[in-house]
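Topology and contacts: notes
Listed below are the residues making up each chain.
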There are 2 protein chains.
Amino acid sequence: MTTLTRQDCIALDQHDKLAPLREQFSLPDGMIYLDGNSLGAQPKAAQQRAQDVIQQEWGTDLIKSWNKAGWFDLPSRLGNLLAPLIGAKENEVVVTDSTSINLFKAIAAALDIQVNNPEHTKRRTIVTERSNFPTDIYMAEGLTRWLDRGYRLHLVDSPEELSTAINQETALVMLTHVNYRSGYLHDMQAITAHAHAQGALCIWDLAHSAGAVEVDLNAAHADFAVGCCYKYLNGGPGAPAFIWVPQRHQAHFNHPLSGWWGHATPFSMAPSFEATKGIRRALCGTQPIVSLAMIECGLAIFAQTSMADIRLKSLALTDLFIALAEGRCGHHPLKLVTPRNQQQRGSQASFTHPHGYAVVQALIERGVVGDYREPEIMRFGFTPLYTRFVDVWDAVEILRDILDQQSYQVDLQRNAVT
Amino acid sequence: MTTLTRQDCIALDQHDKLAPLREQFSLPDGMIYLDGNSLGAQPKAAQQRAQDVIQQEWGTDLIKSWNKAGWFDLPSRLGNLLAPLIGAKENEVVVTDSTSINLFKAIAAALDIQVNNPEHTKRRTIVTERSNFPTDIYMAEGLTRWLDRGYRLHLVDSPEELSTAINQETALVMLTHVNYRSGYLHDMQAITAHAHAQGALCIWDLAHSAGAVEVDLNAAHADFAVGCCYKYLNGGPGAPAFIWVPQRHQAHFNHPLSGWWGHATPFSMAPSFEATKGIRRALCGTQPIVSLAMIECGLAIFAQTSMADIRLKSLALTDLFIALAEGRCGHHPLKLVTPRNQQQRGSQASFTHPHGYAVVQALIERGVVGDYREPEIMRFGFTPLYTRFVDVWDAVEILRDILDQQSYQVDLQRNAVT
């Protein structure tokens, strides 16, 4: 594969049926953006959507827009647009709050359901990975410390440890489907089945898989899922997150963030909480409408293709990047962190380099935007909707040039963000 | 006062030093907007601010904007701009999440602090009003049910009951400063002092007072406060809310929503939570940047005047509305719900009418936008930054005409929103 040329990459783009979708994104001239796994690029339609919400819905229609523009229903409407991307059914997803807050609701609801599990008092571990995105661990810490019922986190150091860590003492398994640093993709179906066999419930964080890999939550029989709309879904900076509750769990989805948007009759102004039926009981308070509304622009682009096609191109892009980086920069101390096995790989490729941070800064200076994660990890995300094969070629060539010339400042202070 | 004429109202506007600020808002032609207590009007600058964030910060600078555009610091920066409006010091306020979520954090932190109170196990009531905005009650219900430590809500039916309801069994007093329906304004200083004398802590919800009445949280020695940015602060539909934690409580502000934005070193990606010092420990997850950024446009208008001047005009507007409504529509069954006493009045005036819902709909048809709240309450909010004295005159004349002509549909189905 390393015998490929730039011309070959251009040819791949010419035969790529997703290629025309790139036109729907606003991307800066001369930038090769390989950081869509941190902040997705801007759909061109987002500007107009925001303007419509601000000028017409807010500025002109004002309070009427809660009904007329469907603001109140927006979390459900967006959830239904998102559902097909993750194997959810209609009315199983709402877009609301942040991923951290949604995870809190899911953990709380899962532990509440587990109270009905035989010998539930012996089930006191929440199994997750030490390398999970930290906020997931923090939210579980916060909830369990505060519940003060003896729950403890069991942090495993590798995916292989999960099979023994998940056992009869496990109340809950909480994993991020694709690891944010390494890009390791868990086998959702197998882990969920194992958790269930042991009597545990299983929550999946799809922050790095929604819109990036094929996800079928219902086929995997997962219990709950949360995820992020501002990465591969291109919903805008800090866009509200989503939460999935399958129909079978909705009647038992009890969590302490019982705000008025989750009430059975929110406008009756009743002085006591009564949870609504269905997915909207995962809602809490009023949502930031402008940020929320723009999420539709990203989802509308996904509606023009399929996750199967996106996945095919994603794997082709990461395969190409890995092959070119190892083939053309193999004389440098680059070490692949992301699994070579396609079935274990998300839509990113991460390499360590002893001067990883400095090299990433040098790449950014040259217009190749990846990012850095401790320790020593250079992380490159590939968004099939707007990343071209020729971008992969050019990015690797610039990386090679930087490494060959050692044109990076090894004493650069590390100050990585997000 | 009812001998006033429309010309007198125009003269009041001509002498109103706040009058020029109206130009900074986008208001529909021909509409008299008296619903800024539900959704504040659009500052004209918001459109440009959103465009800058979307085109430049998101579209062009992409991931760099977390630092370059100060996205990560936005909750604190906006909090510092908001602080002077509520008597908060620098670094005591952050703008983040929803009011419901922030209230949850404040209740949790307050109960945690109370564990150190002598005989805390005897303190098991949370005192609030039955007429409080429902989500405040719901959040307290959710939290206490989950804590399962015997806390119970004590709902009082009138402000007068507070003095006896707040006693040695009280852990926490949780009140909305200005009642959303009646516009009743609590005496924050007196109630807080009474609560403290009884050993209780006091949380204030400023949803209907921030930007509407003078608030001095530090002078009142309040314990915690939360509030809304999309009503009188004109931050945009569903804009993120704020939370105030005074310096004296910051080191003990422990709550279960311990997300990575509240971590001491959020970018170290440590696998265990350690709360940051200071106000940012009230943060949880990533925030919706476009909705958040627009809040600054509303706050920038407040920076051009003072809450003292705003309060003076607010009272003049509500005095005028009450006098005109009672003077010119006094032959109709209108009954004032809002206190006549200025010291007990927020920036709204509410009247009951047996056909309140239908009358409000008829008013909206005629361009006078107030809203309806059960039971029978017609609610009119007055935002001194953009409401004119002549608007008050015209609104009352239209109300009088509707009532005189009985030009409202008494059998209209009620379907009030927000």
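Residues take numbers from 1 onward in each chain, read along the sequence in its written order. Written order decides the labels, with chains lettered from A and ligands numbered from 1. Local features are withheld for residues below a pLDDT of 70 in this predicted model, meaning they are given only at 70 or higher, and side-chain atom pairs are given and counted only at 80 or more; totals for whole chains, interfaces and linings count all residues. Hydrogens and water are ignored here; the side-chain numbers use all heavy atoms of the structure.

An unreviewed UniProt entry lists chain A under the name Kynureninase, with Undibacterium nitidum given as the organism. UniProt positions are given in the numbering used here, feature names are shortened, and annotations may be inferred rather than shown by experiment. Under Sequence similarities (unreviewed entry), UniProt gives the following word-for-word description of chain A: "Belongs to the kynureninase family." As recorded by UniProt, the Subunit (unreviewed entry) comment attached to chain A reads in full: "Homodimer."

With that settled, the discussion passes to the overall build of chain A. The helix and strand inventory of chain A stands at 13 helices and 15 strands. For 418 residues, the compact-globule estimate of 2.2 N^0.38 gives 22 Å, and the C-alpha radius of gyration of chain A, at 22 Å, lies within 12% of that figure. Its C-alpha atoms give chain A principal-axis dimensions of roughly 70 × 60 × 40 Å. In chain A, buried positions account for 66% of the 418 residues. About 14,200 Å² of surface is accessible on chain A, with carbon and sulfur atoms providing 49% of the total. Counting rule applied: Lys, Arg positive; Asp, Glu negative; His and chain ends not counted. To locate a charge, take atom NZ for lysine, CZ for arginine, CG for aspartate or CD for glutamate. If the 35 positive side-chain charges of chain A are averaged to one point and the 43 negative ones to another, these points end up 3 Å apart. Helix and strand definitions follow DSSP, with helices as H or I runs of at least four residues and strands as E runs of at least two, each counted in order from the N terminus. Using C-alpha atoms as the atom set, the radius of gyration is obtained and then compared with a globule rule of 2.2 Å times the number of residues to the power 0.38. Here's how the labels work: a residue is buried when its accessible area is under 20% of the maximum for its type, exposed when over 50%, partly exposed in between, all with a 1.4 Å probe on protein chains only. Each accessible area is a Shrake-Rupley estimate made with a 1.4 Å probe; only the visible protein chains count as cover when residues are assessed.

Take the UniProt feature "binding site: pyridoxal 5'-phosphate" (unreviewed entry) in chain A next. Here, the residues flagged by UniProt with the feature "binding site: pyridoxal 5'-phosphate" (unreviewed entry) are Thr99, Ser100, Phe133, Pro134, Thr135, Asp136, Thr176, Asp205, His208, Tyr230, Trp260 and Thr286 of chain A. Spatially, the listed residues are scattered: they cover 188 residues, and their C-alpha atoms lie as much as 30.3 Å apart. Along the chain, the position of serine 100 of chain A falls in helix H5 (residues 99–114). By definition in these notes, contact holds between two residues if any of their heavy atoms fall within 4.5 Å. With residues up to four places along the chain from it excluded, the contact list for serine 100 of chain A reads Thr135 and Met139 of chain A together with Trp260, Cys284 and Gly285 of chain B. Structurally, the position occupied by threonine 176 of chain A is in strand E7 (residues 170–176). The residues contacting threonine 176 of chain A, other than those within four sequence positions of it, are Asn132, Phe133, Asp136, His186, Trp204 and Asp205 of chain A. N or O atoms closer than or at 3.5 Å make up a polar contact, with two conditions inside protein: a donor-capable atom paired with an acceptor-capable one, and, for residues adjacent in sequence, both atoms drawn from side chains. Only 3.3 Å separates the side chain of threonine 176 of chain A from the side chain of aspartate 136 of chain A, close enough to count as a polar contact.

Between chain B and chain A, the contact holds 80 residues from the first and 86 residues from the second. Of the roughly 7,200 Å² buried at the junction of chain B and chain A (both faces included), carbon and sulfur atoms supply 69%. Note: buried area is the sum, over both parts, of the accessible area (probe 1.4 Å) each one loses when the two are combined. When the area that chain B buries against chain A is broken down by residue, the three leading residues are Trp58, Tyr138 and Trp146 of chain B, summing to 13%. Salt bridges are counted wherever a side-chain nitrogen of Lys or Arg sits within 4 Å of a carboxyl oxygen of Asp or Glu. If you look at where chain B meets chain A, you find 0 salt bridges.

With that settled, the discussion passes to the sheet that holds strand E9 (residues 224–227) of chain A. Either a parallel or an antiparallel arrangement is found when strands of a sheet pair, and the pairing is made through backbone hydrogen bonds. All names here are of chain A. With mixed pairing, 7 strands are arranged side by side in an open sheet as E4-E10-E9-E8-E7-E5-E6. Only two strands of the sheet have a single partner each, and these edge strands are strand E4 (93–96) and strand E6 (152–156). Strand-to-strand twist across the sheet, computed as the mean angle between neighbouring axes with direction ignored, equals 20 degrees. A pair of strands is considered paired only if DSSP assigns at least 2 bridges between the two. One ladder, built from 3 bridges, connects strand E8 (residues 201–205) with E9; its direction is parallel. Paired with aspartate 205 across the strands is valine 226, a residue of E9. Relative to the sheet, helix H4 (residues 74–82) contacts E4 and strand E10 (241–244), its axis offset from that of E4 by approximately 125 degrees. Only the stretch in contact is used when a helix axis is fitted, and all axes are lines through C-alpha atoms; the angle between N-to-C directions ranges over 0 to 180 degrees.

What follows deals with the pairing of strand E12 (residues 348–352) of chain B. All names here are of chain B. Of all 5 residues that make up E12, 5 are buried, and the element is covered over most of its length. Here E12 shows a buried face lined by Gln348, Ser350 and Thr352 and a second buried face lined by Ala349 and Phe351. Judged from the 2 bridges that link them, strand E11 (residues 335–336) and E12 form a sheet pairing that is antiparallel. Within E12, the position partnered with leucine 336 by the bridge is phenylalanine 351.

Residue placement: glutamate 141 of chain B occurs in helix H6 (residues 134–147). Despite its burial, glutamate 141 of chain B pairs with no opposite charge; the closest candidate is arginine 145 of chain B, at 4.5 Å N-O. Not counting chain neighbours up to four residues away, the residues in contact with glutamate 141 of chain B comprise Pro271, Ser272 and Phe273 of chain A together with Leu153 of chain B.

When the copies are overlaid, the least-squares fit takes in C-alpha atoms only where the residue has pLDDT of at least 70 in both copies. Overlaying chain B with chain A gives an RMSD of 0.0 Å, the required rotation being 180 degrees about an axis along which the chain moves by 0.0 Å. Between the two chains, the operation in question is that of a two-fold axis. When C-alpha distances to the rotation axis are compared across chain B, the minimum falls at serine 291 of chain B, with a value of 2.7 Å. Here 100% of the contact residues of chain B are again contact residues in chain A; the copies associate through an equivalent surface.

A separate point is the side chain of asparagine 37 of chain B. Structurally, asparagine 37 of chain B can be placed in the loop between strand E2 (32–33) and strand E3 (42–43). Residue classification places asparagine 37 of chain B among the buried positions, given a relative accessible area of 0%.

On to the packing of helix H1 (residues 6–14) of chain A against helix H13 (residues 389–405) of chain A, then. Residue and element names in this part refer to chain A. Running from N to C, H1 and H13 cross one another at 155 degrees; their axes reach a closest spacing of 7 Å. Here H13 runs roughly antiparallel to H1, going by the angle between their axes. Between H1 and H13, the residues in contact are Arg6, Cys9, Ile10, Leu12 and Asp13 and Phe389, Val390, Trp393 and Asp394, respectively. Three classes are used, and their members are as follows: Ala, Val, Leu, Ile, Met, Phe, Trp, Tyr, Cys and Pro are nonpolar, Asp, Glu, Lys and Arg are charged, and the others, Gly among them, are polar. The residue makeup of the contact of H1 with H13, split by class, is 6 nonpolar, no polar and 3 charged. When describing relative orientation, an angle under 35 degrees is termed roughly parallel and one over 145 degrees roughly antiparallel, while 65 to 115 degrees is termed roughly perpendicular and anything else oblique.

In this section: the UniProt feature "modified residue: N6-(pyridoxal phosphate)lysine" (unreviewed entry) in chain A. All names here are of chain A. Look at the UniProt record and you will see "modified residue: N6-(pyridoxal phosphate)lysine" (unreviewed entry) annotated at Lys231. Relative to the assigned elements, lysine 231 resides in the loop between E9 and E10. Among all residues touching lysine 231, those that are not within four sequence positions of it are Gly36, Asn37, Ser38, Gly40, Ala207 and His208.

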